[in-house]
Amino acid sequence: MKIIDFKNSINKEGLDEISKVINDGGLVIFPTETVYGIGADATNREAVDSIFVAKGRANDNHLIVHIADFDNLSELVYEPNEIEKKLMDAFMPGPFTIVLNKKNLIPSNVSAGLDTVGIRIPDNEIAHAIIKACGKPIAAPSANKSSRPSGTKIEDIIDEFKDSVDIIVNGGETKIGIESTVVRVIDGIPTILRPGQITPEDIEREVGICKLDEHIFQKANGVVLSPGMKYKHYAPLAKSIMIYSNNNDSLVDAINELVIANTVIIGNEKNKDKYPNAKFVSYGSTIEEISHNIFSTLRYVDELMPSLIIIEGVKRKGLGIAVMNRLIRSCDYNYKEI
Ligand code: TXA
Ligand code: MG
């Protein structure tokens, strides 16, 4: 495995190396504005298979295909409808993935045998340059072993992937920190399958209507629209509980009652002095900071080897919907609202 450093500037030599690896069927970890992805040539079935092996991912969970612009979209998918086009114009490039009907150029293992594929144009200079240089659509799930928090900086990723990918591209910490909003238009209604920085309000503003898939906050079993929602995910290794209250004093009291020996509490900076019997780790103050920090915080807390992790929930509004979706799943639905 080789590390290519594009943190301060992108160079042609590095791009050529990356392009060669991708075009030879290899794997490259690269930054996007959301999280790091493990990329392979989306048109190469064997290369795509090796992503599933590297991640330890169930093969009924489809991958997102990343493109640099709309130029060759018609080779990959059938013509989007008017609502899909409006959403694509409004939110792409950006932290937004649209599920469309795929053509045969995309092998069936990308889409877990379904006839749809998630398409995304990352809004990140390094990702853009890499996809352009490769001249291929790039299939890329988040860079984390299955069930672990997504990778948002290479220090968190190297150990998990040093033996299973060819190149890791360093682009520093990712800006947003949680993955893209995944949307599928169903019977004319944009339906959010996975919440992200593009919120239901943003989508309503563009097309007047938006629905949240029922599995965003509920445990899913059996058939789901987005299989990623079905698996244990974003989870630290220690047992974890999340508590939410819109009254901060009640929240602090409830958490203090649950503290046992060697507990770590993950919460808002403003509460840092309110838990006398536990170690406190701040995830930031604003919802943007929390989104940016949440996965690296979960990884960091794991390293402390606590016997219990208690997480302060956030208000389910705007970006808070996406943060709560990740937190609820990181504590495996061990969640209480008071
Ligand atoms: O921000 C992101 O989206 C990152 C970066 C690397 O682009 N990628 C990412 O990929 O998070 P992944 O594979 O970890 O998550 C993709 C999610 C999964 O929950 C998957 O089930 C869903 O999107 N998905 C992908 N294609 C789909 C499809 N055709 N229909 C429904 N859901 C789909
Ligand atoms: Mg993922």
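Scroll up to find the structure this text is about.
Residues numbered from 1 in each chain as written. Chains lettered and ligands numbered in written order. Predicted model: local features only at pLDDT ≥ 70, side-chain atom pairs only at ≥ 80, totals over all residues. Heavy atoms only, no water.

Engineer: So what's going on with helix α4 (residues 82–91)? Residues and values would help.
Structural biologist: Every buried residue belonging to α4 is among Glu-84, Leu-87, Met-88 and Phe-91, and all of these are buried. Angular distribution of buried residues about the axis of α4 spans 100 degrees; they occupy a single face of the element. Structural note: α4 exposes Glu-82 and Asp-89 on the side pointing more than 90 degrees away from its buried face. Regarding α4, its N-cap is Asn-81, as a side-chain oxygen of that residue lies 3.1 Å from the backbone nitrogen of Ile-83 further along. (Buried < 20%, exposed > 50% of the residue type's maximum accessible area, 1.4 Å probe, protein only. Helix = DSSP H or I, 4+ residues; strand = E, 2+ residues; numbered from the N terminus. Arc of directions from axis to C-beta. Polar contact = N/O pair within 3.5 Å; in protein donor to acceptor, adjacent residues only side chain to side chain.)

Engineer: Pulling in residues and values, what's your account of the nonpolar core?
Structural biologist: Ranked by size, the top nonpolar core spans 44 residues in total, and within it Ile-29, Val-65, Leu-87, Phe-96, Ile-98, Ile-119 and Ile-203 carry the most contacts. Counting residues per element, this core draws most heavily on helix α2 (residues 45–55), at 5 residues. What Leu-87 contacts, discounting residues up to four positions off in sequence, is Met-92, Phe-96, Ile-98, Val-183, Val-185, Pro-190, Ile-203 and Val-207. In terms of nonpolar packing, the next biggest core, distinct from the first, is built from 26 residues, Ile-178, Ile-266, Val-301 and Ala-322 among them. (Core = buried A, V, L, I, M, F, W, Y, C linked by side-chain atoms within 4.5 Å. Contact = heavy atoms within 4.5 Å.)

Engineer: Describe the environment of Ser-50, with residues and values.
Structural biologist: Along the chain, the position of Ser-50 falls in helix α2. Of the residues examined, Ser-50 reaches a relative accessible area of 25% and is grouped as partly exposed. Along the backbone, Ser-50 and Val-165 are 115 residues apart, and their C-alpha atoms lie at a distance of 9.1 Å.

Engineer: Requested: an account of helix α9 (residues 287–303), with residues and values cited.
Structural biologist: Relative to the 24 Å expected for 17 residues at 1.5 Å per residue, α9 spans 24 Å between its end C-alpha atoms, a close match to the ideal helical length. All of the buried residues in α9 are Ile-290, Ser-291, Ile-294, Phe-295, Ser-296, Thr-297, Leu-298, Arg-299, Val-301 and Asp-302. On its buried face, α9 sits against α6 (154–161), β13 (263–267), β14 (279–282), β15 (308–312) and α10 (319–330). One or two steps after α9, the chain reaches Met-305, where phi turns positive at roughly 50 degrees. (Expected span 1.5 Å × (residues − 1).)

Engineer: Account for the packing of aromatic side chains, with residues named and values stated.
Structural biologist: Counted according to the given criterion, the structure contains 2 aromatic pairs. Residue placement shows Lys-103 over the ring face of Tyr-78; its charged tip is 5.3 Å from the ring centre. If you follow Arg-316 out to its NZ or CZ, it ends over the ring of Phe-217, 4.1 Å from the centre. (Phe/Tyr/Trp six-rings, centres within 6.5 Å; stacked < 30°, edge-to-face > 60°. Lys NZ or Arg CZ within 6 Å of the ring centre and 35° of its normal.)

Engineer: Any chance you could break down the sheet that holds strand β16 (residues 335–337) for me, citing the residues and the numbers?
Structural biologist: The strand order across the open sheet formed by 5 strands is β14-β13-β15-β12-β16, and the pairing between neighbours is parallel. Among the strands making up the open sheet, the edge pair consists of β14 and β16. Ignoring strand direction, the axes of neighbouring strands in this sheet form an average angle of 20 degrees. Pairing geometry for β13 and β14, over 4 bridges, is parallel. Across the sheet, residue Ile-266 finds its bridge partner in β14, namely Val-281. Taken strand by strand, helix α8 (residues 248–258) contacts β12 (240–244), β13 and β15, and its axis lies near 155 degrees from that of β12. The strands that α10 touches are β12, β15 and β16; relative to β12, the one it contacts most, it runs at about 140 degrees. (Pairing = 2+ DSSP bridges. Axes fitted to C-alpha atoms, helices over the stretch in contact; angles between N-to-C directions.)

Engineer: How would you sum up the pattern of salt bridges? Please name residues and give values.
Structural biologist: Enumeration according to the criterion identifies 16 salt bridges in this entry. Notably, a salt bridge pairs Asp-24 with Lys-20, separated by 2.8 Å at the nearest N-O pair. Note on Lys-20: relative accessible area 54%, which makes it exposed. A salt bridge links Lys-85 to Glu-82; the shortest N-O distance between them is 3.7 Å. In this pair, Lys-85 and Glu-82 both sit in helix α4, 3 residues apart, roughly one turn of the helix. Residue classification places Lys-85 among the partly exposed residues on the basis of a relative accessible area of 29%. (Salt bridge = Lys/Arg side-chain N within 4 Å of Asp/Glu carboxyl O.)

Engineer: Now, about the sheet that holds strand β10 (residues 189–194): what can you tell me, with residues and values included?
Structural biologist: Spatially, β1-β8-β2-β3-β7-β4-β6-β5-β9-β10-β11 is the arrangement adopted by the 11 strands of the open sheet, whose pairing is mixed. In this open sheet, the two strands that pair with only one neighbour each are β1 (2–5) and β11 (211–212). In terms of strand pairing, strand β2 (residues 28–30) meets strand β8 (residues 167–170) through 2 bridges, oriented parallel. The residue of β8 that forms the bridge with Val-28 is Ile-167.

Engineer: Outline the pairing of strand β5 (residues 96–101), supporting the account with residue identities and numerical values.
Structural biologist: Counting buried residues in β5 gives 5 out of 6 residues, a clear majority hidden from the surface. Two elements, β5 and strand β9 (residues 181–186), share 3 bridges in a ladder whose sense is parallel. Along β9, the bridge assignment pairs Phe-96 with Thr-181. As judged from the 5 bridges shared by β5 and strand β6 (residues 116–120), these two strands associate in the antiparallel manner. The residue bridging Thr-97 from the neighbouring strand is Arg-120, located in β6.

Read these as layout, nothing more, since geometry by itself doesn't imply function.
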